[in-house]
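As a plain string of letters, each chain reads:
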Amino acid sequence: MRRARHGFTLIELVVTLAIVGVLASAVVPLAELTVKRSKESELRVALRKIRSALDEYKRAVDEGHVERKADESGYPPSLDVLVEGVPDEKKPEKDKIYFLRRLPRDPFSVDADVPAAKTWGKRSYASPPDAPEEGKDVFDVYSLAEGTGLNGIPYRKW
């Protein structure tokens with residue numbers, strides 16, 4: 001008499017593992033690509049928010065809402081000023097003007113303990129665009145991340 005079979009044979013298990021391995025090797029690169037694409041999207045949005053806030057600050061200076069000294073460019077001295085706010089010079093009670101609710105982090109920054117303002121490279125108004133350097137103000141920001149985006153442009157040049 002033949003015994004009833006319980007479970008799988010070794011060959012069935014090996015074939016199943018091989019199929020699962022092939023499927024997993026196809027899914028991992030797709031998952032990595034999806035993560036990279038979402039980080040690039042976050043970077044694009046964060047850069048747009050910060051740059052818009054810098055432009056709004058400059059507009060407020062030009063309109064006389066923010067105090068400007070003769071030797072200043074009209075851009076904020078730091079990124080934190082955009083969140084902390086500045087007194088409105090045109091209002092007698094000097095209410096504060098805020099340009100950002102919170103400063104976005106660079107999504108490619110690996111250290112979570114670093115403050116958001118330190119995750120960005122900053123370019124002052126006086127520095128050239130091809131060699132950005134920090135200075136007395138913040139004219140523009142860029143990512144400090146190494147690497148190139150899916151569009152072929154290095155993250156530092158976005």
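A few points on the structure. Throughout, residues of each chain are indexed from 1 in the direction in which the sequence is written. Note on the predicted model: pLDDT of at least 70 is required for a residue's local features to be given, and 80 or more for side-chain atom pairs to be given and counted; whole-chain, interface and lining totals, by contrast, use all residues. Heavy atoms from the whole structure form the basis of all side-chain values; hydrogens and water molecules are not counted.

Concerning the pairing of strand β3 (residues 120–123)
Regular strands place their side chains on alternate faces of the sheet. The line we're drawing: Partly exposed describes any residue whose relative accessible area lies between the buried limit of under 20% and the exposed limit of over 50%, with all areas from a 1.4 Å probe on protein chains only and scaled to the type maximum. Under the DSSP-based scheme used, a helix requires at least four consecutive residues in state H or I and a strand at least two consecutive residues in state E, with every element numbered from the N terminus. At least two bridges found by DSSP between two strands are what make those strands a pair.
Alternating positions in β3 separate into two faces, Trp120 and Lys122 on one and Gly121 and Arg123 on the other, with burial throughout. Note: β3 against strand β4 (residues 140–143), four bridges, orientation antiparallel. Paired with Lys122 across the bridge in β4 is Val141.

Considering a nonpolar patch on the surface
Under the convention used in this document: Here the term patch refers to residues with relative accessible area over 30% and no salt bridge, with like charges joined within 9 Å and nonpolar side chains (Val, Leu, Ile, Met, Phe, Trp, Tyr) within 5 Å. All accessible areas in this document rest on Shrake-Rupley with a 1.4 Å probe, and a residue is counted as covered only by the protein chains that are shown. Salt-bridge detection follows one rule: a side-chain nitrogen of Lys or Arg within 4 Å of a carboxyl oxygen of Asp or Glu.
There is a patch of nonpolar side chains on the surface, built from Ile11, Val15, Ile19 and Leu23 and spanning about 410 Å² of accessible area. Looking at the element boundaries, Leu23 is found in helix α1 (residues 10–62).

Structural notes on the layout of surface pockets
To keep things clear, this is the line we draw: We place a 1 Å grid over just the protein atoms. Points where a 1.4 Å probe fits but has no way out form a cavity, open points with protein on both sides within 12 Å along at least 5 of 7 lines form a pocket, and any residue with an atom within 4 Å of a point lines it. Grid points are joined across faces, edges and corners, and a volume is the space filled by probe spheres set on the points. We call Asp, Glu, Lys and Arg charged. Ala, Val, Leu, Ile, Met, Phe, Trp, Tyr, Cys and Pro are nonpolar, and the rest, Gly among them, are polar.
Approximately 420 Å³ is the volume found for the largest pocket. Mapped by element, the contributors of at least two residues to the lining of the largest pocket are α1 and β1 (86–87). For the lining of the largest pocket, a count of residues per class yields eleven nonpolar, three polar and eight charged. Here the second largest pocket is characterised by a volume of approximately 240 Å³. What lines the second largest pocket is simply Arg51, Arg123, Pro129, Asp130, Pro132, Asp140, Val141, Tyr142, Arg156, Lys157 and Trp158. Element by element, the count of residues in the lining of the second largest pocket is highest for β4, at three residues.

Digging into the nonpolar core
In plain terms, the rule: The set of buried Ala, Val, Leu, Ile, Met, Phe, Trp, Tyr and Cys residues whose side-chain atoms join them within 4.5 Å is what this entry labels a nonpolar core. Contacts are assigned to residue pairs that have any heavy atoms within 4.5 Å of one another.
Within the largest apolar cluster, 27 residues are counted, with the highest numbers of intra-cluster contacts made by Tyr57, Leu79, Leu82, Phe99 and Trp120. Those elements that place two or more of their residues in this core are α1 and α2 (80–84). Per-element accounting of this core gives the leading share, nine residues, to α1. In this structure Leu82 touches Ala53, Leu54, Tyr57, Pro76, Tyr98, Phe99 and Leu100, once residues within four positions along its chain are discounted.

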